[in-house]
Structures are given as C-alpha cells and as structure tokens.
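Chain by chain, the residues:
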Amino acid sequence: MATTIDGDRSATPVHLWIVGLLATLWNAFGCYDYLMTRMRNTDYLKSMMPDVDPNAMLAYVDSMPVWAAAGWGLGVWVGLAGSLLLLTRSRHAVWTLGLSFVGAVVGIGYQLMNPMAGMSGGMATVMPIVVIVVALALFLYARAMARKGVLA
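Here goes a summary of the coordinates provided.

Definitions and cut-offs
- Residues numbered from 1 in each chain as written.
- Predicted model: local features only at pLDDT ≥ 70, side-chain atom pairs only at ≥ 80, totals over all residues.
- Heavy atoms only, no water.
- Phe/Tyr/Trp six-rings, centres within 6.5 Å; stacked < 30°, edge-to-face > 60°.
- Helix = DSSP H or I, 4+ residues; strand = E, 2+ residues; numbered from the N terminus.
- Buried < 20%, exposed > 50% of the residue type's maximum accessible area, 1.4 Å probe, protein only.
- Salt bridge = Lys/Arg side-chain N within 4 Å of Asp/Glu carboxyl O.
- Arc of directions from axis to C-beta.
- Contact = heavy atoms within 4.5 Å.
- Axes fitted to C-alpha atoms, helices over the stretch in contact; angles between N-to-C directions.
- Parallel < 35°, antiparallel > 145°, perpendicular 65-115°, else oblique.
- Left-handed = near helix turned anticlockwise from the far one by under 90°.
- Nonpolar A, V, L, I, M, F, W, Y, C, P; charged D, E, K, R; others polar.

### Some details on the packing of aromatic side chains
Phase 1 of the analysis: Applying the stated criterion across every chain, the model contains five aromatic pairs.
Phase 2 of the analysis: Ring geometry for F29 versus Y32: centroids 6.3 Å apart, planes at 40°, classification tilted. Residue F29 and its partner Y32 are located together in helix α1 (residues 14-38), separated by three residues, close to a single helical turn.
Phase 3 of the analysis: With a relative accessible area of 41%, F29 lands in the partly exposed category.
Phase 4 of the analysis: Using a relative accessible area of 41% as the deciding quantity, one classes Y32 as partly exposed.
Phase 5 of the analysis: Note on Y32 and Y44: the rings are 5.4 Å apart at their centroids and 85° apart in plane angle, and the pair reads as edge-to-face. Of this pair, Y32 sits in helix α1 while Y44 sits in helix α2 (residues 42-48), and the two are twelve residues apart along the sequence.
Phase 6 of the analysis: Residue Y44 is classed as buried on the basis of its relative accessible area of 7%.
Phase 7 of the analysis: Pairwise contacts between aromatic rings join F29, Y32 and Y44 into one cluster.

Next comes the structure, spelled out in structure tokens:
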C-alpha cells in the first residue's frame, strides 16, 4: 500500500511513515537522555540505572574526551534531524542518518572501550550495541529509500 504526495515523486510506502515515526521517537528519547544527563538530573539518571551512583555517572561523563562527547551529541541530535528529514521524504536524510551513525560509533565506541567502573548489565552491555545497530539500520533504510526514488 502506498500514498502519493505529488505526481513527480514515487509513491510513499506505508513502511516509510512507520519507520520514520519510530525513528523520530527513538531519537527523541536519545535527545532527552542527552539533555537530562547534561543538565545533571540525578533523579533521571538513578531511574535509568538504579544500581549506579548518579554522581559517579556524571563524573564519568565529565571525564569523557571532547571528541567522544561530541560524537554522542552528534549521534543523538543529528539522528533526530535525520528522522524528521525521513518523514519529510528528503534525500538529505541519508547523509544525516549516516552522520548520526558515525557519531554513535564514536561516542559509544569510547564508552565500550573505557567502561565506567561498577556499570554492568543490559544498560552497559546490550544497549550500546542496540544503539549502534539501530543507527546503522536507519542509515541503510534511508539509503534504500533514496535509491528507490522515495526520497527527493
């Protein structure tokens, strides 16, 4: 099933709206997490990882090198922009989501190579991999939609 926005562009598959909406929600949460961490909201941090001291977590974030912190910010904020561009059927979603993937690899790569002491479990081991896989999948999806002529 597809809908047509205008006569010059390919029909929009329904899955684009589904993926675009889910991607926007996913990346919006990443931005929320980034803001809550940067605003030093210890209640939020404690709710996300109850077994980790929020002040130790903030000290870890504060000790990150600039390039790792920039990768994290790039990954979440450019990811949100890319998701919105996907919903508007813009071809710019491809490179934007690609840049978000690079940011995720840089930011999370640092965290995987330099884990915080005392942090273990799903949030520390599985979630970083999920974030990278989702960022890659969104980039590949946008690239496929551009190749099919859905993004213009």
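### Notes on the pattern of salt bridges
Phase 1 of the analysis: This model, assessed by the stated rule, comprises one salt bridge.
Phase 2 of the analysis: When the shortest N-O distance is used, the salt bridge between R40 and D62 registers 3.0 Å. Of this pair, R40 sits in the loop between α1 and α2 while D62 sits in helix α3 (residues 54-62); the two residues are 22 residues apart in sequence, bridging distant segments of the chain.

### Here we look at α3
Phase 1 of the analysis: Listing the buried residues of α3 in full gives P54, M57, L58, Y60 and V61. The arc that holds the buried residues of α3, viewed along the axis, is 155°, so those residues lie on one side.
Phase 2 of the analysis: Where α3 is buried, its residues contact α1, α2, α4 (66-87) and α5 (92-113).

### Observations regarding the packing of α1 against α4
Phase 1 of the analysis: As a packed pair, α1 and α4 sit with axes 8 Å apart at the nearest point and diverge in direction by 150°. If you check the angle between α1 and α4, you find them roughly antiparallel. Along this stretch, α1 crosses α4, giving a crossing that reads as left-handed.
Phase 2 of the analysis: Looking at side-chain class alone, the contact of α1 with α4 contains 17 nonpolar, eight polar and two charged residues.

### Structural notes on the side chain of S83
Phase 1 of the analysis: As for its placement among the helices and strands, S83 is situated in helix α4.
Phase 2 of the analysis: Owing to a relative accessible area of 1%, S83 belongs among the buried residues under this scheme.
Phase 3 of the analysis: Those residues in contact with S83 that sit more than four places away from it in its chain are G20, A23, T24, N27 and L97.

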